[in-house]
Amino acid sequence: MIVTTDIYKILFDKVKDFGIKAVYDGWNPIKSHLKEEAIVIVTSTPIEPDTYWERAYAHVNICVPDYLGEANTQRLNELERLANLWVWEGMSGEYDGSAYRISKDSLGLERDDALKCSYVNLVLLFEILNVR
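First, a word on what this report is: a plain description of the structure on this page. Remember, predicted model here, so these are calculated numbers, not experimental data.

### Describing the overall build of the chain
- The secondary structure content of the chain amounts to two helices and six strands.
- Ordered by position in the sequence, the α and β elements of the chain form the string α-β-β-β-α-β-β-β.
- Its C-alpha radius of gyration of 15 Å places the chain within 12% of the 14 Å reference for a compact globule of 132 residues.
- Considered along the principal axes of its C-alpha atoms, the chain spans approximately 55 × 30 × 20 Å.
- Across the 132 residues in the chain, those meeting the buried criterion constitute 40%.
- Residue pairs in contact within the chain that sit at least 24 positions apart in sequence constitute 59% of those at least 6 positions apart.
- Summed over all atoms, the accessible surface of the chain reaches about 7700 Å², with 49% contributed by carbon and sulfur.
- Between the averaged position of the 14 positive side-chain charges in the chain and that of its 21 negative side-chain charges there is a distance of 4 Å.

### Regarding the pattern of salt bridges
- One pass over the structure, following the stated rule, counts seven salt bridges.
- For Arg111, the salt bridge identified is with Asp66, shortest N-O distance 2.7 Å. Placement of Arg111 in strand 5 (residues 98-112) and of Asp66 in the loop between strand 3 (53-65) and helix 2 (73-86) is noted, with a sequence separation of 45 residues between them.
- In this structure, Arg75 engages Glu78 in a salt bridge whose closest nitrogen and oxygen atoms are separated by 3.1 Å. Here Arg75 pairs with Glu78, and both are found in helix 2, just three residues apart, close to one helical turn.
- Members of the salt-bridge network, linked through shared partners, are Glu37, Arg75 and Glu78.

### Observations regarding the packing of aromatic side chains
- The full count for this structure, using the stated rule, is four aromatic pairs.
- Judged by centre distance (5.9 Å) and plane angle (40 degrees), the rings of Tyr8 and Phe12 are tilted. Of this pair, Tyr8 and Phe12 both sit in helix 1 (residues 4-14), separated by four residues, roughly a single helical turn.
- Among the residues examined, Tyr8 registers a relative accessible area of 15% and is labelled buried.
- With relative accessibility at 29%, the residue Phe12 sits in the partly exposed group.

Calculation criteria
Residues numbered from 1 in each chain as written. Predicted model: local features only at pLDDT ≥ 70, side-chain atom pairs only at ≥ 80, totals over all residues. Heavy atoms only, no water. Helix = DSSP H or I, 4+ residues; strand = E, 2+ residues; numbered from the N terminus. Rg over C-alpha atoms; globule rule 2.2 N^0.38 Å. Buried < 20%, exposed > 50% of the residue type's maximum accessible area, 1.4 Å probe, protein only. Contact = heavy atoms within 4.5 Å. Areas by Shrake-Rupley, 256 points an atom, 1.4 Å probe, with all protein chains shown as cover. Lys, Arg positive; Asp, Glu negative; His and termini not counted. Charge placed at Lys NZ, Arg CZ, Asp CG, Glu CD. Salt bridge = Lys/Arg side-chain N within 4 Å of Asp/Glu carboxyl O. Phe/Tyr/Trp six-rings, centres within 6.5 Å; stacked < 30°, edge-to-face > 60°.

Right under this line is the structure:
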């Protein structure tokens, strides 16, 4: 059985592909101005039961601090392209005896003025096979 905290653990291992060391979760968010690139994984969406697949959404936010007081659009572009390629068709696996698959639901850029950063917001559909 996979729960939302397991989704975080699974994604935590996978986001290492981006080469960004600072990874946070939605329960322990960044609390001050961002000084270096970071990833925030938010898995607060409850798992919705269905006949064959249970579904939950997770947000992977790749944060880029401002450069000279402005959004670093060049780096955001690089990371958005990388995020778009990162989730490939058939991204799947097994965790704690349950099969899962991950697909991209949406991708875009957002801004957080309080943290003085912009970020790539990758929304993932996480599906867990509900059959034993």
